[in-house]
Amino acid sequence: MIKVPLTLGVEEEYQIIDPETRELTPHYEALEASGSSLLGEQLKPEMLRSQLEVATEVCRDVTEVRQELVRLRGTVAGLAKESGYKILAASTHPFSRWEDQVVSRGERYQELQMNLQTVVRTQLVFGMHVHIGFGKSPEALELLVDVMNQIRYFLPHLLALSTSSPFWAGMDSGLKSYRSIIMKSLPRTGVPPAFGSFSEYRAMINLFGKVGSLGKSKDKHSEEVDATRIWWDVRPQVGLGTLEVRVCDICTRVDEALCIVALIQSIVSLLVKLREQNCSWREYQSLLILENKWRAGRYGIDGKLVDFGKEEEVPVRFLANEILELVDPVLDELGTRKDVEYLPTLLRNGTSADRQLAMWRSAMQEGAEESEALLYVVDQLILETTEGVLDQGA
């Protein structure tokens, strides 16, 4: 059985905030001008000019990911402060509207806007993407697709544990992850189908490219199609040799982000070990997983997911502890025990979505108007984004 490195890479998408109005502000270029010399290609634009993305270096373990995220958040927060702005990590802004945003310059973004029209302009959402290294050999890519098939079952659990988008356009959406709803309007999103082999996956990519659904690769010297225009909740990144898990909302606190990253790596390691034993996690139809994803986005950690084997509802909090037991055998080998075992703290304190709603309701109980209460939510998000970070950053 092939050995895979299970290296880590994390991308986080931040909001750029005007500290006076607490609105999103379209000033990515101001941060890029001063940040390119410090961060190079680790600082990237996004679809809208009020967004920015950072990407860690390839990390050997979660300890290195922590160092990278602390450095990146600290550096970007420092750059924003110098330019008169703030950053925050949450998957929707509590009250800014997509209609007021400005699309970024660049050929890719203009092409996406032309092809997808209003659908792409409404994507005022922010995520966290976790890459797990497998390698680029044929054997590694076969294993990658096999693990992708299996990890689909856990996608709703990961979403429930990371929810940070309860508000949309100044309203309580009634969901813990409204981002998961907005993302559905894009083509080629959601839970991917199961594939019998890497060649089956590649044949589908080639078909989409042949009929014009995907553009050309960003590498001008490559004849490959741009498979990044498939926005599944988990997908292969063949050029990087990674499995990219994209289902999560962005975590507001660094400790939460590290817990989710460590959990993803631990689940992948467990699934790889099962394959080494000629076993596998049971695969379920995408339709069944989508039912659980809806429940995860609607209720977060306070909801119930369906155990399709037992054909009964089970509380997310119980399932989270069940996953802890499941991955326990791989934690020490990976060095993820400390970060994965932050999970009970996360369940006790609530996700970012839970804390946002609690702040909003508390402010209104104390006499604030709904719109004023949302200002307190933004302030809380800004503080939590840089907890334990600024003094270690730029």
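Our structure is the block above this text.
This structure is a prediction, so every number in the text was calculated from the model and none was measured. (Residues numbered from 1 in each chain as written. Predicted model: local features only at pLDDT ≥ 70, side-chain atom pairs only at ≥ 80, totals over all residues. Heavy atoms only, no water.)

Tallying secondary structure elements over the protein gives 15 helices and 13 strands in all. Against the globule reference of 21 Å for 394 residues, the protein gives a C-alpha radius of gyration of 20 Å, in line with a compact fold. Each principal axis of the C-alpha atoms in the protein carries an extent, and together these give about 60 × 50 × 40 Å. By sequence separation, contacts in the protein at least 24 residues apart represent 75% of the contacts at least 6 residues apart. Element-wise, carbon and sulfur atoms account for 50% of the exposed surface of the protein, whose accessible area totals about 16800 Å². For the protein, the distance from the average site of its 43 positive side-chain charges to the average site of its 58 negative ones is 3 Å. (Helix = DSSP H or I, 4+ residues; strand = E, 2+ residues; numbered from the N terminus. Rg over C-alpha atoms; globule rule 2.2 N^0.38 Å. Contact = heavy atoms within 4.5 Å. Areas by Shrake-Rupley, 256 points an atom, 1.4 Å probe, with all protein chains shown as cover. Lys, Arg positive; Asp, Glu negative; His and termini not counted. Charge placed at Lys NZ, Arg CZ, Asp CG, Glu CD.)

Leu 52, Met 128, Phe 134, Leu 161, Ile 264, Ile 267 and Val 268 are the most contacted members of the largest nonpolar core, which totals 128 residues. When residues in this core are grouped by element, the largest group, 15 residues, is from helix 9 (residues 254-276). Not counting the four nearest positions on each side in its chain, Phe 134 is found in contact with Val 4, Pro 5, Ala 140, Leu 143, Leu 144, Val 147, Gly 241, Thr 242, Leu 243, Val 268 and Val 272. (Core = buried A, V, L, I, M, F, W, Y, C linked by side-chain atoms within 4.5 Å. Buried < 20%, exposed > 50% of the residue type's maximum accessible area, 1.4 Å probe, protein only.)

The full count for this structure, using the stated rule, is 31 salt bridges. Where Glu 68 meets Arg 71, a salt bridge forms, and the shortest distance between an N and an O atom there is 2.8 Å. Note that Glu 68 and Arg 71 are positioned in helix 2 (residues 62-83) at a spacing of 3 residues, about one turn of the helix. Glu 68 gets classed as buried once you look at its relative accessible area, which sits at 11%. With a shortest N-O distance of 2.8 Å, Glu 384 and Arg 355 are connected by a salt bridge. (Salt bridge = Lys/Arg side-chain N within 4 Å of Asp/Glu carboxyl O.)

What follows concerns the packing of aromatic side chains. All told, the structure shown has 11 aromatic pairs when counted by the stated rule. Centroid distance Tyr 153 to Trp 281: 5.7 Å. Interplanar angle 50°. Geometry classified as tilted. Of this pair, Tyr 153 sits in the loop between helix 5 (138-151) and helix 6 (155-162) while Trp 281 sits in the loop between helix 9 and helix 10 (286-299), and the two are 128 residues apart along the sequence. By relative accessible area, Tyr 153 is classed as buried at 14%. Seen from their ring centres, Phe 167 and Trp 360 are 5.3 Å apart, and the 75° between their planes marks the pair as edge-to-face. Of this pair, Phe 167 sits in strand 6 (residues 167-168) while Trp 360 sits in helix 14 (residues 352-365), placing them 193 residues apart in sequence. Trp 360 carries the same exposure label as Phe 167, and that label is buried. Linked through ring pairs, Tyr 153, Phe 154, Trp 281, Tyr 284 and Phe 308 together constitute an aromatic cluster. (Phe/Tyr/Trp six-rings, centres within 6.5 Å; stacked < 30°, edge-to-face > 60°.)

Most of strand 3 (residues 51-55) is tucked away, with 5 of its 5 residues classed as buried. With burial as the criterion, each face of strand 3 is covered, one bearing Gln 51, Glu 53 and Ala 55 and the other bearing Leu 52 and Val 54. Sheet analysis places strand 1 (residues 8-17) next to strand 3, joined by 5 bridges and oriented antiparallel. Residue pairing across strands places Glu 12 opposite Val 54, the latter belonging to strand 3. Inspection of the sheet shows strand 2 (residues 43-45) paired to strand 3 by 3 bridges, in the antiparallel sense. Across the sheet, residue Pro 45 finds its bridge partner in strand 3, namely Leu 52. Between strand 2 and strand 3, which pair antiparallel in sequence order, lie 5 residues. (Pairing = 2+ DSSP bridges.)

A separate point is the packing of helix 6 against helix 10. Taken N-terminus to C-terminus, the directions of helix 6 and helix 10 make an angle of 5°; their axes are 8 Å apart at the nearest point. Relative to helix 10, the element helix 6 lies roughly parallel. From helix 6, Pro 156, Leu 159 and Ala 160 reach across to helix 10, where they touch Ile 289, Asn 292, Lys 293, Ala 296 and Gly 297. (Axes fitted to C-alpha atoms, helices over the stretch in contact; angles between N-to-C directions. Parallel < 35°, antiparallel > 145°, perpendicular 65-115°, else oblique.)

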